[in-house]
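Listed here are the chains, written in short residue letters.
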Amino acid sequence: MLMLMCVCVRLQLFYSFFKSLVGKDVVVELKNDLSICGTLHSVDQYLNIKLTDISVTDPEKYPHMLSVKNCFIRGSVVRYVQLPADEVDTQLLQDAARKEAMQQKQ
Amino acid sequence: SEDDPLPPQQPSTNTVEEPLDLIRLSLDERIYVKMKNDRELRGRLHAYDQHLNMILGDVEETVTTVEIDEETYEELYKSTKRNIPMLFVRGDGVVLVAPPLRVG
């Protein structure tokens with residue numbers, strides 16, 4: 001039996017990647033230099049991020065968000081997301097990136 | 001070989017045609033990334049997409065600042081480095097991607 005690949009799948013490598021990290025602890029560094037540590041609760045196609053149980057990492061020279069437990073971060077303000085290295089399958093990522101690059105060329 | 005034609009939905013794979021293909025060649029290699037705000041990254045490329053979002057492993061980030069002496073107007077260049085084991089980089093901050101710079 002032939003399996004046909006759906007050619008109209010939207011390219012979303014990083015969306016899928018972040019979905020696989022839900023529940024893990026990450027550090028989101030924003031473009032305004034604020035770094036927020038928390039548990040990845042959810043992500044969407046724009047790579048907007050919801051974090052729970054957050055704390056401000058780095059010297060707390062920035063707004064103390066002591067009473068804030070959860071937050072929504074607009075994807076466009078993210079500079080970096082620091083990830084737990086042992087939760088990342090680099091081989092799988094590389095293969096997926098190659099595939100996505102192929103799809104993108106079409 | 002000529003005996004098995006490519007199925008219609010498969011693109012040509014191994015030719016380097018456009019700039020993003022050059023980045024594809026760097027997968028699993030160390031690369032140098034220049035970013036906005038005088039930041040640079042050196043790390044192993046694990047994934048990227050058309051926006052230049054990337055996942056880098058074993059990363060060294062260098063942030064360069066310039067301090068100007070009030071009296072002498074001397075420019076003092078300082079750089080701060082830090083290491084991060086695994087990093088997602090959002091593509092809109094990326095300026096340049098290249099093989100690691102070799103010291104001549």
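One can find the structure itself at the top, above this paragraph.
Residues numbered from 1 in each chain as written. Chains lettered and ligands numbered in written order. Predicted model: local features only at pLDDT ≥ 70, side-chain atom pairs only at ≥ 80, totals over all residues. Heavy atoms only, no water.

Caption draft 1: Representation of the state of the cysteines within the structure. Residue and element names in this part refer to chain A. Under the criterion given, the structure shown has zero disulfides over all chains. Note on Cys37: no disulfide assigned, nearest cysteine sulfur contributed by Cys71 at a separation of 11 Å. According to the relative accessible area criterion, Cys37 is partly exposed, its value standing at 23%. With relative accessibility at 15%, the residue Cys71 sits in the buried group. (Disulfide = S-S within 2.5 Å. Buried < 20%, exposed > 50% of the residue type's maximum accessible area, 1.4 Å probe, protein only.)

Caption draft 2: Local environment of the interface of chain B and chain A. Facing the 34 residues of chain B at the interface are 34 residues of chain A. Taken together, the two surfaces of chain B and chain A that pack against each other cover about 2900 Å², and 60% of this comes from carbon and sulfur. For the interface between chain B and chain A, the tally reads four salt bridges. At the junction of chain B with chain A, the criterion picks out 10 residue pairs in polar contact (both at pLDDT 80 or more). Where the side of chain B that touches chain A is concerned, the elements lending two or more residues are helix H1 (19-24), strand S2 (39-48), strand S3 (54-68) and strand S4 (75-89) of chain B. A per-class count over the side of chain B that touches chain A returns 15 nonpolar, eight polar and 11 charged. Where strand S5 (residues 78-82) of chain A and S4 of chain B come together, three bridges link them in antiparallel fashion. Directly across from Gln82 of chain A, in S4 of chain B, lies its bridge partner Leu87 of chain B. (Contact = heavy atoms within 4.5 Å. Buried area = accessible area lost by both parts, 1.4 Å probe. Salt bridge = Lys/Arg side-chain N within 4 Å of Asp/Glu carboxyl O. Polar contact = N/O pair within 3.5 Å; in protein donor to acceptor, adjacent residues only side chain to side chain. Helix = DSSP H or I, 4+ residues; strand = E, 2+ residues; numbered from the N terminus. Nonpolar A, V, L, I, M, F, W, Y, C, P; charged D, E, K, R; others polar. Pairing = 2+ DSSP bridges.)

Caption draft 3: Representation of the sheet that holds S3 of chain B within the structure. The 10 strands are arranged S4(A)-S3(A)-S2(A)-S1(A)-S5(A)-S4(B)-S3(B)-S2(B)-S1(B)-S5(B) in an open sheet whose pairing can be described as antiparallel. Either end of the sheet is taken by a strand with one partner, and the two such strands are strand S4 (71-73) of chain A together with strand S5 (94-98) of chain B. Mean inter-strand twist for the sheet, computed between neighbouring axes without regard to direction, equals 40 degrees. Docked against the sheet, helix H2 (residues 90-105) of chain A engages S2, S3 and S4 of chain B, running at close to 85 degrees with respect to S2 of chain B. (Axes fitted to C-alpha atoms, helices over the stretch in contact; angles between N-to-C directions.)

Caption draft 4: Broad picture of the pattern of salt bridges. Tallying each qualifying case throughout the model produces 15 salt bridges over all chains. Lys78 of chain B is the salt-bridge partner of Glu67 of chain B, the closest N and O atoms lying 2.9 Å from each other. Within this pair, whereas Glu67 of chain B is found in strand S3, its partner Lys78 of chain B is found in strand S4, the two being separated by 11 residues in sequence. Classification of Glu67 of chain B by relative accessible area gives partly exposed; the value is 38%. Ionic contacts of the salt-bridge type, sharing partners, join the residues Glu29, Asp33 and Arg79 of chain A together with Arg39, Glu61 and Arg82 of chain B into one network.

Caption draft 5: Quick peek at the side chain of Thr39 of chain A. Summarising the element assignment, Thr39 of chain A is placed in strand S2 (residues 35-43). A polar atom in the side chain of Thr39 of chain A sits 2.9 Å from the side chain of Asp25 of chain A.

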